[in-house]
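Chain by chain, the residues run as shown.
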Amino acid sequence: MGIISLASGNSCWRGLDYYKSKKVTKLNKINENEYLSVVKGTKNYNVHLDIEHPRKCTCDCPLANGKRIICKHIVATYFSAIPEEATNFEEEQIRLQEEFEKEQENEYNEVIKCLNKMSKQELIGEIIQVFDYGPEWIYNDFVKRNLY
Ligand SMILES: [Zn+2]
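One structure accompanies this document, and this report is about it. Predicted model only: the values in this text are computed from it and were never measured. Starting from 1, residues in each chain are numbered consecutively following that chain's sequence as written. Note on the predicted model: pLDDT of at least 70 is required for a residue's local features to be given, and 80 or more for side-chain atom pairs to be given and counted; whole-chain, interface and lining totals, by contrast, use all residues. Each side-chain value is derived from all of the structure's non-hydrogen atoms; neither hydrogens nor water enter the calculation.

Here we come to unusual backbone geometry. One non-glycine residue with positive phi stands out, namely K22, at about 55 degrees. The secondary structure listing takes helices from DSSP runs of H or I that are at least 4 residues long and strands from runs of E that are at least 2 residues long, numbered from the N terminus. Structurally, K22 is set in the loop between α2 (9-20) and β1 (24-29). The classification of residues rests on relative accessible area computed with a 1.4 Å probe and restricted to protein chains. Under 20% of the type maximum is buried, over 50% is exposed, and intermediate values are partly exposed. Classification of K22 by relative accessible area gives exposed; the value is 67%. Even without glycine at this site, K26 takes up a positive phi of about 50 degrees.

Moving on: the coordination of the zinc ion. Counted as donors are N, O and S atoms no farther than 2.8 Å from the metal, or 3.2 Å for Na, K and Ca; water is not among the atoms, and sites may therefore look incomplete. Only C59 (SG), C61 (SG), C71 (SG) and H73 (ND1) from the protein reach the zinc ion as donors, at distances of 2.1 to 2.3 Å. Working rule for geometry: tetrahedral if four donors all subtend angles between 85 and 135 degrees; square planar for four, octahedral for six, if opposite donors exceed 155 degrees and the others stay between 65 and 115; irregular in every other situation. Taken together, the four donor atoms surrounding the zinc ion define angles of 103 to 118 degrees at the centre, an arrangement classified as tetrahedral. On the primary sequence, the residues serving as donors to the zinc ion are separated as C-x1-C-x9-C-x1-H. Within this pair, whereas C59 is found in strand β4 (residues 58-59), its partner H73 is found in helix α3 (residues 72-81), the two being separated by 14 residues in sequence.

Planes of paired rings set the category: under 30 degrees apart is stacked, over 60 is edge-to-face and the rest tilted, where pairs are Phe, Tyr or Trp rings (Trp by its six-membered ring) whose centres lie within 6.5 Å. This model, assessed by the stated rule, comprises six aromatic pairs. The interplanar angle of 65 degrees and the centroid separation of 5.2 Å between the aromatic rings of W13 and F89 together place this pair among those described as edge-to-face. One end of the pair, W13, is in helix α2; the other, F89, is in helix α4 (residues 83-117), and 76 residues separate them in sequence. Its relative accessible area of 44% is what places W13 among the partly exposed residues. Its relative accessible area of 8% is what places F89 among the buried residues. The interplanar angle of 35 degrees and the centroid separation of 5.9 Å between the aromatic rings of Y78 and F79 together place this pair among those described as tilted.

This part is about the nonpolar core. By nonpolar core is meant a set of buried Ala, Val, Leu, Ile, Met, Phe, Trp, Tyr and Cys residues that side-chain atoms within 4.5 Å join together. Residues I3, L49, C59, I70, I74 and F79 are the most contacted members of the largest nonpolar core, which totals 26 residues. Looking at this core, the elements with two or more residues in it are α2, β2 (34-40), β3 (44-50), α3 and α4. Top contributing element to this core by residue count: α3, with six residues. Any pair of residues with heavy atoms lying within 4.5 Å of one another is described as a contacting pair. Beyond its immediate sequence surroundings of up to four residues, L49 is in contact with I3, N33, E34, Y35, C57, I74, T77, Y78 and A81.

So this is what it looks like as structure tokens:
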């Protein structure tokens, strides 16, 4: 498992932000897979990055200190050490977002197709079901907009 897959989505995004705002200082390469850095945050935090063994990464911030957590400081250090990974991460997120939007659009179009095929009576039946099983605000909103 890589650094990114072990980090939470929040740590990844905040880490990217830290990387871009150049909060990673004193980046020091120990060997092919290990780096040391100081990341500017509320305080300065010391990061030890181990790309080959992500579980061995450490950071002395309150979230990660003494725990095996990949925090935003570790992610930011990782992106600073290997900038291509920051680009990959961003491109992957954009791709996922586009995929999601495309899926939603397809679904929406399918629904429209179905609705167009239905009779008025069938449509009323479907809407009543939405009122019965859906959240109450749908019904309340409909009443407010149409009855008064
Ligand atoms: Zn940290």
